[in-house]
Every structure is written in C-alpha cells, then in structure tokens.
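Working through the structure, step by step
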Amino acid sequence: MPLDTETAVRHDWTMGEAEALYHRPFNDLLFDAQTLHRRYFDANQVQLSRLISIKSGGCPEDCAYCPQSAGYDTDVTAEKLMEVDKVVAAARQARDDGATRYCMGAAWRNPKDSDLENVCAMVEEVRALGLETCATLGMLSEPQAMKLKLAGLDYYNHNLDTSEEFYGDIITTRTYQDRLDTLENVRRAGINVCCGGIVGLGESRQDRAGLLVKLANLNPHPESVPINMLVRVEGTPLETVPDLDGIEFVRTLATAKIMMPASVIRLSAGRQEMTDEMQALCFLAGAGSIFVGDKLLTTANPDGDTDNKLFDRLGLRPAPAEGKPA
Ligand code: SAM
Ligand code: DTB
Ligand code: SF4
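Residues numbered from 1 in each chain as written. Chains lettered and ligands numbered in written order. Predicted model: local features only at pLDDT ≥ 70, side-chain atom pairs only at ≥ 80, totals over all residues. Heavy atoms only, no water.

Right, let's get into the overall build of the protein. On a plain count of helices and strands, the protein comes out with eleven helices and ten strands. Taking 326 residues into account, the globule formula puts the C-alpha radius of gyration at 20 Å, and the protein, at 18 Å, falls close to it. Residue burial in the protein is summarised as follows: out of 326 residues, 56% are buried. The long-range fraction of contacts in the protein, counting pairs at least 24 apart against all pairs at least 6 apart in sequence, stands at 76%. With the model as given, the accessible surface of the protein reaches about 14000 Å², and the carbon-plus-sulfur share is 49%. Seen as two clouds, the 33 positive and the 49 negative side-chain charges of the protein have centres 4 Å apart. (Helix = DSSP H or I, 4+ residues; strand = E, 2+ residues; numbered from the N terminus. Rg over C-alpha atoms; globule rule 2.2 N^0.38 Å. Buried < 20%, exposed > 50% of the residue type's maximum accessible area, 1.4 Å probe, protein only. Contact = heavy atoms within 4.5 Å. Areas by Shrake-Rupley, 256 points an atom, 1.4 Å probe, with all protein chains shown as cover. Lys, Arg positive; Asp, Glu negative; His and termini not counted. Charge placed at Lys NZ, Arg CZ, Asp CG, Glu CD.)

What follows concerns the site of ligand 3. For ligand 3, the full set of nearby residues is Cys59, Glu61, Cys63, Tyr65, Cys66, Ser69, Ala107 and Arg174. Partitioning the shell around ligand 3 into residue classes produces five nonpolar, one polar and two charged. (Near = heavy atom within 4 Å. Nonpolar A, V, L, I, M, F, W, Y, C, P; charged D, E, K, R; others polar.)

Next up on the list: the packing of helix H1 (residues 15–23) against helix H8 (residues 205–216). One way to put it is that H1 packs onto H8 with a least axis distance of 9 Å and a crossing angle of 120°. Classified by the interaxial angle, the pair formed by H1 and H8 is oblique. H1 and H8 meet at a crossing whose hand is right-handed. Each of Met15, Ala18, Glu19, Tyr22 and His23 in H1 lies in contact with H8, whose residues at this interface are Arg205, Gln206, Arg208, Ala209, Gly210, Leu212 and Val213. When grouped by side-chain class, the residues that make up the contact of H1 with H8 number six nonpolar, three polar and three charged. (Axes fitted to C-alpha atoms, helices over the stretch in contact; angles between N-to-C directions. Parallel < 35°, antiparallel > 145°, perpendicular 65-115°, else oblique. Left-handed = near helix turned anticlockwise from the far one by under 90°.)

What follows covers the packing of H1 against helix H9 (residues 246–259). Their axes nearest at 9 Å, the elements H1 and H9 cross at an angle of 130°. When the axes of H1 and H9 are compared, the pair comes out oblique. Note that H1 runs across H9; the crossing there is right-handed. On the side of H1, the interface is formed by Ala18, Leu21, Tyr22 and His23, while H9 contributes Glu248, Arg251, Thr252, Thr255, Ile258 and Met259. Looking at the contact of H1 with H9 residue by residue, the class counts come to five nonpolar, three polar and two charged.

Below, the discussion takes up the side chain of Asn185. Here Asn185 lies in helix H7 (residues 176–188). The class for Asn185 is buried, based on a relative accessible area of 13%. Contact partners of Asn185, with chain neighbours within four places excluded, come to Leu140, Ser141, Glu142 and Ala145.

What follows concerns the site of ligand 1. Residues in close proximity to ligand 1 total 16 residues, the closest being Tyr65, Thr136, Asn159, Asp161 and Val231. Between ligand 1 and the protein, one listed contact pairs a nitrogen atom with a backbone N or O atom of Val231 at 2.9 Å. Across the complex, the protein chains shield 90% of the 560 Å² of accessible surface that ligand 1 would expose by itself. Its residues assigned to classes, the shell around ligand 1 comprises nine nonpolar, five polar and two charged. (Polar contact = N/O pair within 3.5 Å; in protein donor to acceptor, adjacent residues only side chain to side chain.)

The next subject is the state of the cysteines. Summed over all chains, the structure comprises zero disulfides. Left without a disulfide partner, Cys120 is nearest to the cysteine sulfur of Cys134, which lies 14 Å away. Assessed through its relative accessible area of 8%, Cys120 is described here as buried. Counting only cysteine sulfurs, Cys194 is the nearest neighbor of Cys195, a cysteine outside any disulfide, at a range of 7.6 Å. (Disulfide = S-S within 2.5 Å.)

The pairing of strand S7 (residues 224–229) with strand S8 (residues 264–267) spans four bridges and is parallel. Residue pairing in the sheet places Ile227 in a bridge with Leu267 of S8. On the question of chirality, the crossover connecting S7 to the parallel S8 by way of H9 is right-handed. Two strands pair when backbone bridges link them, and S8 and strand S9 (residues 287–292) are joined in this way by three bridges, in the parallel orientation. Across the sheet, Leu267 pairs through a bridge with Ile290, a residue of S9. In terms of handedness, the path from S8 via helix H10 (residues 276–284) over to S9 forms a crossover that is right-handed. (Pairing = 2+ DSSP bridges. Right-handed = clockwise from strand over helix to strand, strands pointing away.)

As a further point, take the environment of Ile198. Relative to the elements of secondary structure, Ile198 occurs in strand S6 (residues 197–199). Taking the C-alpha atoms as reference points, Ile198 and Ser53, separated by 145 residues in sequence, lie 18 Å from one another.

Here the focus is the environment of Asp307. Residue position: Asp307 is located in helix H11 (residues 304–314). Considering only alpha carbons, one finds Asp307 and Asp294, 13 residues apart in sequence, at a separation of 9.9 Å. Those residues in contact with Asp307, other than ones at most four positions away along the chain, are Arg271, Ile290, Val292 and Pro302.

Moving on, we come to the pattern of salt bridges. One pass over the full model with this rule turns up 20 salt bridges. The closest approach of N and O atoms between Asp12 and Arg10, which form a salt bridge, is 2.8 Å. Measuring nitrogen to oxygen at the nearest pair gives 3.1 Å for the salt bridge that ties Arg127 to Asp154. Within this pair, whereas Arg127 is found in helix H4 (residues 113–128), its partner Asp154 is found in the loop between helix H5 (142–151) and strand S4 (155–157), the two being separated by 27 residues in sequence. The class of Asp154 is buried, set by a relative accessible area of 15%. (Salt bridge = Lys/Arg side-chain N within 4 Å of Asp/Glu carboxyl O.)

Shown next as structure tokens:
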C-alpha cells in the first residue's frame, strides 16, 4: 500500500484496513510507521512521563489484569489518598530527574467530589512546578472534567483497553460505552485525551486491530496513545496467560502509528520485561514516549541509570516539554 501523506490523519478506518496493515511484511510496516512518525516528530526524541499512584489498591472494579482490584489477592494493600504535599514533593523530584509530565493515578471506579478537590489542589501545585499534568482517576462526569480543566489539568488518561468484542472477558463492572462517555466528557472540557490499551491479555490479533480501529476513529484522535504490554501479576486472573510474541507487540505500535500518525504513541507498561533490542524496535515503530522511574503505579519499571544507558546506546534525547524550545 503506498503511503498517502495527504490523508494520513483519518477517522474512517475499517477492520479490513487495520488487519491488512498488521499482516504486512514487518520491514514494510516498520518503514512506513517510521516515515510517518518523522513527518510529525523528531524521531530521536522521546517524551518522558512519570507516574505516581496517589491512591493505591482496594478498587471496586474487576479489571482482570489489575493488581489494584479489591477482588484479587495480590501484594498491593489498600491505601488512602496521598497528602497533597507528598505528591508535590515527588513531582519536584520527578522534574529534577528529567520528566516533563507527571501522571497521577488513583484506583477508583470514579472520584468522589470531595476527593476531586484534593486532586485539583495537586494538579494546580504540580503545574506550578513547570510540569505538564495528567491524571487517571476512573470514570469522570462532565462537571468533574471541567473542574480538573480549571485546575490546570493538561491530559486525562482513560483507556479503552481492548476491542469491544473481547472487553467483557476482561472487565464486567463497567461497560465499553461508560469508557467512551468519560472520553467524551474529557474532550468537552478541553482536556487532552490520553487513551490506549493493553495487549497480551489473551486477545486475538483481530481484537488488537479492533482496539486500534476504535481509537483511530475517535475524532479527534487521542493526543496520546499508551500501548501497555500486560505485566502479569501474581493473584490476578491473568497471572498465567501465555506470553505475547514481542514482534506482534511491535506490529501493534507500528499499526497504531500509521493509523494515528500525529499522536504520541506511548510505550507504556511492560518495559521492565523487554530487552534493549525490543525497545529499540518499539522506537523504530514510532513510539515517542515512555514512563520513567523505577515504578509504574504498583509494578517495576527500568530505573534511571538503565534508561540513560539505553538512550545513550540509541542516540535518543528526552523531548522538551510542549511549547518549550529544544
Ligand atoms: N483506575 C483508573 C482506570 O482504570 O481508569 C486508572 C488507573 S489504571 C491502572 C490505568 C491503565 O493501566 C489500565 O487501563 C490498563 O490499561 C493499565 N494497566 C493496569 N494494570 C496493568 C498491568 N498489570 N499491565 C499492564 N497495564 C496495566
Ligand atoms: C497507562 O496506559 N499505563 C499506565 C498509565 N496509563 C496509568 C499504568 C500502567 C500500570 C501498570 C501496572 C501497575 O504498575 O500497577
Ligand atoms: Fe481499578 Fe483501574 Fe485497576 Fe480497573 S485498572 S481495577 S479501575 S485501578
């Protein structure tokens, strides 16, 4: 298929097209993904975000991959919402370590209005440090999204996770439509959308293509598209699901890049289990962002030294914050 750059950003993708991309020879797929990536981004820069779990564990939802669900016997213990000062101190450290975006995650089905006041205070103070702000708090109503926008929230993360068809095998406590409604509320409030999914759940290639079609037919596209490789956590229902082939994961990133070329594709959970060579292929496929720091929300992530060495080996540079000169 020739690369049509005039109509590269489209919202009318079909399953047939997405599956055809996935099936292409690997070299052709990666070449086109990298070529398109370069039309919109500096291919040697990678944006760095830092996660913090501001409220861990005890979640009433039943997402089969998640160690924070109250329904599963994992090592994660339920905690209260962190104090604002502690969150801000950790954000200052993240900024000093090189992150440009700070993403605050809470194990909630949805925030209570009283909790939201505290999160808004965190957002205001983190933004005042010169960091971009992101939050992932579960389902949001439109007024809640408006409050976060007023506090200065730059991004909201809420994933579709998988295809609509496979979704019910993974989560039963909220619907696919609930997720689309939250994304709509975030959009209406004028907050950038961070929305992607998770692979390696035991889904088929058709399901992976289905997820990408749903994401790419959102109009506008999510500005940020995290693709997570399942981190299998003991005690969760997916603890023993078989490995997803690494090449298939890279194909997923490349297909996402071709379908949403102007969006930042984020190589998210799962880096701790990947080799340097595998991550290099992910960057070649158009991944333009990672989470840094030795912890994601509750699971391990490569530490700063490890990532610095990887960046040196690959000649990669951290991307400056949006709107700031390189
Ligand atoms: N509770 C909020 C929610 O579900 O929207 C926010 C946090 S939740 C941990 C954010 C995303 O992290 C999930 O949608 C899923 O894609 C990803 N995630 C959670 N557990 C994971 C795991 N074990 N491996 C990989 N990704 C995971
Ligand atoms: C996303 O898509 N991945 C991040 C972020 N958004 C919130 C979370 C990954 C969590 C991995 C499992 C854990 O550390 O608990
Ligand atoms: Fe709760 Fe989010 Fe984990 Fe689902 S992914 S169980 S909503 S913390």
